[in-house]
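# An overview of the molecular structure
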Amino acid sequence: MGLRQFVIDAWSWLNYKPVMADVARPGNLSFPELAATWMPAEELRRLAAYKVLAAYDNNQAGQLAAASGEEAGVERRELGDAANLVDTALGYLLGSEQKITVEGAEHAEGAEGEAPKPGATEAAALQERLRTWAGKELLTLRIQQAERAAVLLGDSVYVLAWNPEKQRPTLRVYDPGFFFPQWEDEDADFPSRVHLAWELPEDRDAGLKARVRRVTYELGPVSEDDESLVRQYPWEPGRPSRMTCYLTDAEWLLEDIKRGQTLDRLPMDKAAFRVRPDGTELNRLDLMIDFVPVIHITNTIPDGGEHWGRSAVARVLQGLDELAATDSDSSAASATTGTPIIGLAGARLPVDRATGKPEKLKVEAGAVWQLGDTGRMDALDTSPQLAELRARVEHLLDRIAANSRITAAGLGTLDASEVPSGYALKLALGPLDALVGMMRLAREHKYRLLFKMVQRLHQAGRAPGWSAGESFPARLAWAPHAPTDRAAVLEEVVQAFGAGVLSLETAVAMLVEAGYPIRDAAEEVARIRQSAQRESQVRMEEAAAAKSGADDGQPQDEAAGGEEEVAAQEKGQAFGFAAGVSGRR
C-alpha cells in the first residue's frame, strides 16, 4: 500500500509503514482503538507512531506488519535490537546517578575566615529538603520510567499533585499517549489547558460499562464573576495574580459520546465527576496555584513550530527492518547449510510395503543409500550465502550505530584491538558525546521547571520549613556518561589549585564530575578546610616548640632552617585535599 498523501511532519519518518499510509485515519485497521469518536483527529498520527514504536520495543514489528496485510510478517525474526538501542541510549543519558543541586549551595560553608555568601545557607538547606523529597518520592525510579518512554517514544509526562496526608507533592509518570495539551496560542511557552485522557474497558463482573476518563488542568481567573479579583501567592510576594489552576476529573460512558464530541467537547451534562477521599467533588477544583503542574519531557529539541520530541530509533527504523529481514534470511540459510539439500541419481530407494511407493529419504547421521554403477550424489552448498548474510548483518549493525549516533564503540560492538589509543577512542565516541549533550540540553529547562513547581507546591501546602519567597534555581545534575581518566583529572585539579587559578569549591566540583564518590560538595569542602586547619595548628605547635628549643641554646641558623621547613610544609598543605581524594579512587 503506497502513501496516499505526501506529508512532512514530526512523524514523516514513519510514512513508509502501511499503518501510516492514510494520513487522515492512520492505523485504522491495526489500531481500532484510534477509531474512537472522542479521539481528536489531529492527534491520531502521533498516537499511531507511539504504537508502532512500542511494537518494535516488544519484538512485535512483524506481527504489526502481518496485521497491516504483509503475510510474511509473522515469519520475521526480531532479536531485541530496537530495545537494545533504546536501553543503550537511556544508559548513556542517565549516567551512573542523578543529583539535585541548588545554585549557591556549595558556598554555604564559606572560605576560611569568611562568612558564607548571601543566600548560600538557604540554598544548602533547600537542596537538602529537595533531596529528602526526592528520596521519599522515589525520584530516581520515576526518572527511569519517564526517560525510557521519552527515549523510545520521543515524549514523556510528569504530573505533580499536592498530597495533604503526606504533606508533600507526589510525582507520577504518565504515558504520553494519554497527554493532550490544548494550545490557544502557538507562540506560548506552555499550554493553558491540558487533558490526560484514556479509555477504561468494560468490566462485566463489576457491572461497569466502557468509559472515558479525562483529567483536566486549566488556567483561569480567580473569580469568574469578578475578573478584577486577585490573589497573593507565597512565591511571588508583592505581585498579585488574577490566575489560578482548576482541576476537573470526570468519566463518560462511551455510549453517551456522539460523533463530533471529541475530547475537548465532551458533554458536561453526561459527566460523572470523581470525588476525593475527603468528599470534595473534582469539578473545577481550585488548586490555589497559578501554573499547570504537568511537565512534558521531549527526547530531542523540537523543531520550530513543533512541540513533540523524536525517538532515538526514529531515523534507523528502516535499518532495523532490514536487519530483521537479514536475520530471517540467515536463519533459513543456516537450515540448508546444517541439513543440506541432496540430489541423488541412480539410487535404490526403499519402498513402503503398505503403499508400494518409494519412501522419502532423510539426511541424518548413519544413513546409508545404495547407489548404482552410474549413481551420483550432489549436495547443495549454501555456506557462502550464509557467510554473506552474516557479513551483511555486521554491516547493518555498523550502519545503525553510526546513523543513530550511538556509535559502534557506544554499543560495545567495536573490537578493542582496532582502537590504537585512548585519543582514537575519544574521537570514536564523539558523535555519542554530541548526542548525549543534545538530549540533556532538551531536558535541562524541564527539570528546572519541575523542581520550581515542587518548591511552590510545598509553599502552597504550607509545609513545615518551606517559607514564602521566590524559588531558588535547582537543576538535575547528571553523572558523566563515559568513563573518565580520574588520575589525569586529579593531577590537573591539584596543579591548578596549587597554582591559585582554581578555588577549592571549583576543584571539588571537578572531582565530583569526574566520578569521585563525593556525596555533597559543600560538606567535602568543609571537611577539607577543617583537616587543613588541624594540620596547620599542629605545624604551628611544632614551630613554636622548635623556636623554644632555639631559645634554650640551639644555634640560630638551625632554628631558622626549622622555620623554613615548617613554612614549606604549610605551603604544601594546599595540596592536602588531593591525598584524601586519591585514596578513594
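Residues numbered from 1 in each chain as written. Predicted model: local features only at pLDDT ≥ 70, side-chain atom pairs only at ≥ 80, totals over all residues. Heavy atoms only, no water.

## So, the overall build of the chain
Along the backbone of the chain there are 15 helices and 13 strands. A buried classification covers 40% of the 585 residues belonging to the chain. In the chain, 66% of the contacts between residues at least 6 apart in sequence involve partners at least 24 apart. Accessible surface computed for the chain: about 32100 Å², of which carbon and sulfur atoms make up 51%. (Helix = DSSP H or I, 4+ residues; strand = E, 2+ residues; numbered from the N terminus. Buried < 20%, exposed > 50% of the residue type's maximum accessible area, 1.4 Å probe, protein only. Contact = heavy atoms within 4.5 Å. Areas by Shrake-Rupley, 256 points an atom, 1.4 Å probe, with all protein chains shown as cover.)

## So, unusual backbone geometry
Leave glycine aside and you will find that most residues have negative phi; peptide bonds, for their part, are mostly trans. At Asn59, a residue that is not glycine, the phi angle is positive and equals roughly 55°. Summarising the element assignment, Asn59 is placed in the loop between α1 (44-57) and α2 (61-67).

## Focus on the pairing of strand β2 (residues 155-163)
By the bridge criterion, 5 bridges tie β2 to strand β10 (residues 294-298) in an arrangement that is antiparallel. Bridge pairing links Tyr158 to Ile295 in β10. Alignment of β2 against strand β3 (residues 168-174), held across 7 bridges, turns out to be antiparallel. Each residue of the ladder has a partner; that of Leu160, found in β3, is Leu171. Taking the residues between adjacent antiparallel strands as the criterion, β2 and β3 are bridged by 4 residues, where Gln167 takes a positive phi near 60°. (Pairing = 2+ DSSP bridges.)

## Topic: the environment of Ala67
Tracing the backbone shows Ala67 in helix α2. For Ala67 and Val19, which are 48 residues apart along the polypeptide, the C-alpha to C-alpha distance reads 9.1 Å.

## A short note on a nonpolar patch on the surface
Taken together, the side chains of Leu344, Leu349, Leu361, Leu371 and Met377 make up a nonpolar region of the molecular surface, amounting to roughly 380 Å² of accessible area. Examined against the element boundaries, Met377 turns out to sit in strand β12 (residues 370-379). Among the residues examined, Met377 registers a relative accessible area of 45% and is labelled partly exposed. (Patch = residues over 30% accessible without salt bridge, like charges linked within 9 Å, V, L, I, M, F, W, Y side chains within 5 Å. Salt bridge = Lys/Arg side-chain N within 4 Å of Asp/Glu carboxyl O.)

## A closer look at the confidence of the model for the chain
Detailed reading of predicted coordinates is not advised where the pLDDT is low. For the chain, per-residue confidence averages 84 on the pLDDT scale, and residues scoring 70 or more make up 89% of the total. Scored below 50 in pLDDT, residues 556-575 makes 12 contacts in the model with residues more than four places away or belonging to other chains. (pLDDT = per-residue confidence, 0-100.)

## Digging into the nonpolar core
It is characteristic of soluble globular proteins that their nonpolar side chains tend to be buried jointly. In this structure, Trp38, Leu160, Tyr217, Tyr447 and Phe451 are the most contacted members of the largest nonpolar core, which totals 107 residues. Examining the composition of this core, we find that 11 residues originate from one element, helix α10 (residues 430-460), more than from any other. Not counting residues up to four positions away in its chain, the partners in contact with Tyr447 are Ile143, Glu147, Tyr158, Ile297, Ala474, Leu476 and Trp478. Grouped together as the second largest cluster of nonpolar side chains are 14 residues, Val493, Val508, Leu511 and Ile518 included. (Core = buried A, V, L, I, M, F, W, Y, C linked by side-chain atoms within 4.5 Å.)

## Structural notes on the pattern of salt bridges
Side chains that carry opposite charge are capable of pairing whenever their charged atoms lie near each other. Tallied over the full model, the rule gives 28 salt bridges. When the shortest N-O distance is used, the salt bridge between Glu218 and Arg284 registers 3.4 Å. Of this pair, Glu218 sits in strand β6 (residues 211-221) while Arg284 sits in the loop between β8 (272-273) and β9 (285-286), and the two are 66 residues apart along the sequence. Judged by its relative accessible area of 21%, Glu218 is partly exposed. A salt bridge links Arg475 to Glu444, with the nearest nitrogen and oxygen atoms 3.1 Å apart. Of the two residues, Arg475 sits in strand β13 (residues 474-478) while Glu444 sits in helix α10, which places them 31 residues apart along the sequence.

## A closer look at a negative patch on the surface
On the surface, Glu394, Asp398, Asp415 and Glu418 cluster together to form a negatively charged patch. Among the structural elements, Glu394 can be located in helix α7 (residues 383-403). (Lys, Arg positive; Asp, Glu negative; His and termini not counted. Charge placed at Lys NZ, Arg CZ, Asp CG, Glu CD.)

## Examining the pairing of strand β1 (residues 98-102)
Burial analysis of β1 places 4 of its 5 residues in the buried class, which makes it a mostly covered element. Alignment of β1 against β13, held across 5 bridges, turns out to be antiparallel. Bridge pairing in β13 places Thr101 opposite Arg475.

## Focus on the side chain of Thr407
Structurally, the position occupied by Thr407 is in helix α8 (residues 407-411). From its side chain, Thr407 meets the backbone nitrogen of Gly410 in a polar contact 3.0 Å long. The residues touching Thr407, leaving out its near neighbours within four places in the chain, are Ala401, Ala428, Leu429, Pro431 and Leu432. (Polar contact = N/O pair within 3.5 Å; in protein donor to acceptor, adjacent residues only side chain to side chain.)

## Examining the side chain of Glu251
As for its placement among the helices and strands, Glu251 is situated in strand β7 (residues 243-253). A distance of 3.1 Å separates a polar atom in the side chain of Glu251 from a polar atom in the side chain of Arg211. Residues within four places of Glu251 in sequence aside, it is in contact with Leu200, Arg211, Val212, Arg213, Lys270, Ala271, Ala272 and Arg274.

## Regarding the packing of α1 against helix α5 (residues 139-153)
Any two packed helices are characterised by how steeply their axes cross, that is the angle between the axes, and by the distance between the axes. One way to put it is that α1 packs onto α5 with a least axis distance of 9 Å and a crossing angle of 105°. Considered as vectors, α1 and α5 are oriented roughly perpendicular to each other. Along the contact surface, α1 presents Tyr50, Leu53, Ala54 and Asp57, while α5 presents Arg148, Leu152 and Leu153. Grouping the amino acids of the contact of α1 with α5 by side-chain chemistry returns 5 nonpolar, no polar and 2 charged. (Axes fitted to C-alpha atoms, helices over the stretch in contact; angles between N-to-C directions. Parallel < 35°, antiparallel > 145°, perpendicular 65-115°, else oblique. Nonpolar A, V, L, I, M, F, W, Y, C, P; charged D, E, K, R; others polar.)

## A short note on the sheet that holds β10
What links the strands of a sheet is backbone hydrogen bonding, and the strands pair in either a parallel or an antiparallel sense. As summarised here, the arrangement of the 3 strands in space is β3-β2-β10, forming an open sheet in which the pairing is antiparallel. Edge positions in the open sheet fall to β3 and β10, since each of these has one partner strand only. In this sheet, adjacent strand axes meet at a mean angle of 25° when their direction is disregarded. Contacts between α10 and the sheet are confined to β2, β3 and β10, with β10 contributing the most and set at about 165° to the helix.

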